[in-house]
Amino acid sequence: GIQVEQSPPDLILQEGANSTLRCNFSDSVNNLQWFHQNPWGQLINLFYIPSGTKQNGRLSATTVATERYSLLYISSSQTTDSGVYFCAVRVTQKLVFGQGTRLTINP
Amino acid sequence: DTAVSQTPKYLVTQMGNDKSIKCEQNLGHDTMYWYKQDSKKFLKIMFSYNNKELIINETVPNRFSPKSPDKAHLNLHINSLELGDSAVYFCASSQMTGFGYTFGSGTRLTVV
């Protein structure tokens, strides 16, 4: 089956820093999503981005489907950005998740 | 107004018991899911229903039985609970195309 790999597994930054999270996938996809799981466990859908670039405030995402990767950019990090970021690709009717990147933003 | 709501939020129970988790969505989505998140935060699909019809059953032990009385509800019943069933269970919904994926807040199940 399709493999989804995220890097880095852990990232610790100071408030105000920028970060880039990467998601590689092993096969062609037409549906990729990014999620944020906050410290309280809630999973929030950030982007539906099968290809191209989208921006939402300080967050943006780019997917290059032909090269099988997606990037999530977080600019001017805030402590509320802490949590685990997951990318997931849709295979038939299910999402296959990467193992996540745990982001810690220190004040 | 909560989009995908699941109850209870926490469930602590003894081995061998039977328990249920309920899920309801008010987004008008036609597809609902159960995902399991283990202690290492890995998320994996368990079941998916489309318009009350089971479309994914991902090699889950048959002690787990989903039920969808209508397309807005998907419940999960677990028989003879085991220690290894301890996890966070997430309900989710989307359109059949996969667009608009929305997760519930999770149910943390602890089997003692």
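Structure shown above.
Predicted model, so just to flag it, every value in this text is computed and none were measured.

**Student:** Let's hear about the interface of chain B and chain A: which residues, and what values?
**Tutor:** Contacts between the two partners involve 19 residues from chain B, matched on the other side by 17 residues from chain A. Of the roughly 1600 Å² buried where chain B meets chain A, counting both sides, 59% is carbon and sulfur surface. The interface formed by chain B and chain A includes 1 salt bridge. Here Glu58 of chain B makes a salt bridge to Lys94 of chain A, at a shortest N to O gap of 2.6 Å. In this assembly, chain B and chain A are joined by 4 residue pairs in polar contact (both at pLDDT 80 or more). For the side of chain B that touches chain A, the secondary structure elements donating two or more residues are strand 4 (31-37), strand 5 (43-50) and strand 6 (53-57) of chain B. By residue class, the composition of the side of chain B that touches chain A is 12 nonpolar, 5 polar and 2 charged.

**Student:** An account of the packing of aromatic side chains is requested, with residue identities and associated values reported.
**Tutor:** By the definition in use, this model includes 13 aromatic pairs over all chains. Between Phe97 of chain A and Phe103 of chain B, the ring centres sit 6.2 Å apart and the planes meet at 70°, which makes this aromatic pair edge-to-face. Separated into two different chains, Phe97 of chain A in strand 10 (residues 94-97) and Phe103 of chain B in strand 10 (residues 102-103) make up a pair that spans both. Phe103 of chain B matches Phe97 of chain A in its accessibility class, with the two residues each being buried. On the basis of an interplanar angle of 85° and a centroid distance of 6.1 Å, the ring pair of Phe90 of chain B and Phe103 of chain B is categorised as edge-to-face. Here Phe103 of chain B lies in strand 10 and Phe90 of chain B lies in strand 9 (residues 87-94), a separation of 13 residues in the sequence. For the pair shown, Phe90 of chain B and Phe103 of chain B are each scored as buried. Joined through ring pairs, the aromatic side chains of Phe35, Phe86 and Phe97 of chain A together with Tyr33, Tyr35, Phe90, Tyr101 and Phe103 of chain B make up one cluster. It is Arg22 of chain A that lies over the ring of Tyr69 of chain A; its NZ or CZ is 4.2 Å from the centre.

**Student:** Please give an account of the nonpolar core that cites residues and values.
**Tutor:** Residues and elements named next belong to chain A. Formed by 22 residues in total, the largest nonpolar core has its most connected members in Cys23, Phe25, Leu32, Trp34, Leu72, Val89 and Leu103. Of all elements in the fold, only strand 2 (10-14), strand 3 (19-25), strand 4 (32-37), strand 7 (59-64), strand 8 (69-74), strand 9 (83-91) and strand 11 (101-106) reach the threshold of two or more residues within this core. The contact partners of Leu32, leaving out residues within four places of it in the chain, are Cys23, Phe25, Phe47, Tyr48, Ile49, Pro50, Thr63, Ser70, Ala88 and Val89.

**Student:** How would you summarise the sheet that holds strand 3 of chain A if you had to cite specific residues and measurements?
**Tutor:** Residue and element names in this part refer to chain A. Reading across from one edge, 1-3-8-7-6 is the order of the 5 strands in this open sheet, with antiparallel pairing throughout. Two strands close off the open sheet at either side, each with one partner strand: strand 1 (4-7) and strand 6 (52-56). Neighbour-to-neighbour, the strand axes of this sheet turn through a mean angle of 15°, independent of strand direction. Bridging between strand 6 and strand 7 involves 5 bridges; their strand directions are antiparallel. For Gln55, the partnering residue across the bridge sits in strand 7 and is Ser60.

**Student:** Now, about the side chain of Asn31 of chain A: what can you tell me, with residues and values included?
**Tutor:** Looking at the secondary structure, you find Asn31 of chain A in the loop between strand 3 and strand 4. A relative accessible area of 1% places Asn31 of chain A in the buried class. Here Gln33 of chain A takes part through its side chain, which lies 3.1 Å from a polar atom of the side chain of Asn31 of chain A. Here Asn31 of chain A is in contact with Tyr48, Pro50, Ala88, Val89 and Arg90 of chain A together with Thr97 and Gly98 of chain B, once residues within four sequence places are set aside.

**Student:** For the state of the cysteines, give the residues involved together with the corresponding values.
**Tutor:** What the rule picks out here adds up to 2 disulfides over all chains. The side chain of Cys23 of chain A participates in a disulfide bridge whose partner is Cys87 of chain A; the two sulfur atoms lie 2.0 Å from each other. Its S-S torsion of approximately 70° makes the covalent link between Cys23 of chain A and Cys87 of chain A right-handed. Placement of Cys23 of chain A in strand 3 and of Cys87 of chain A in strand 9 is noted, with a sequence separation of 64 residues between them. Assigned by exposure class, Cys23 of chain A and Cys87 of chain A land together as buried. There is a disulfide in this structure between Cys23 of chain B and Cys91 of chain B, and the S-S distance comes to 1.8 Å. Across the S-S bond linking Cys23 of chain B and Cys91 of chain B, the dihedral sits near -80°, which makes this disulfide left-handed. Residue Cys23 of chain B is located in strand 3 (residues 19-25), and its partner Cys91 of chain B is located in strand 9; the two are separated by 68 residues in the primary sequence.

Reading guide: rules and limits
- Residues numbered from 1 in each chain as written.
- Chains lettered and ligands numbered in written order.
- Predicted model: local features only at pLDDT ≥ 70, side-chain atom pairs only at ≥ 80, totals over all residues.
- Heavy atoms only, no water.
- Contact = heavy atoms within 4.5 Å.
- Buried area = accessible area lost by both parts, 1.4 Å probe.
- Salt bridge = Lys/Arg side-chain N within 4 Å of Asp/Glu carboxyl O.
- Polar contact = N/O pair within 3.5 Å; in protein donor to acceptor, adjacent residues only side chain to side chain.
- Helix = DSSP H or I, 4+ residues; strand = E, 2+ residues; numbered from the N terminus.
- Nonpolar A, V, L, I, M, F, W, Y, C, P; charged D, E, K, R; others polar.
- Phe/Tyr/Trp six-rings, centres within 6.5 Å; stacked < 30°, edge-to-face > 60°.
- Buried < 20%, exposed > 50% of the residue type's maximum accessible area, 1.4 Å probe, protein only.
- Lys NZ or Arg CZ within 6 Å of the ring centre and 35° of its normal.
- Core = buried A, V, L, I, M, F, W, Y, C linked by side-chain atoms within 4.5 Å.
- Pairing = 2+ DSSP bridges.
- Axes fitted to C-alpha atoms, helices over the stretch in contact; angles between N-to-C directions.
- Disulfide = S-S within 2.5 Å.

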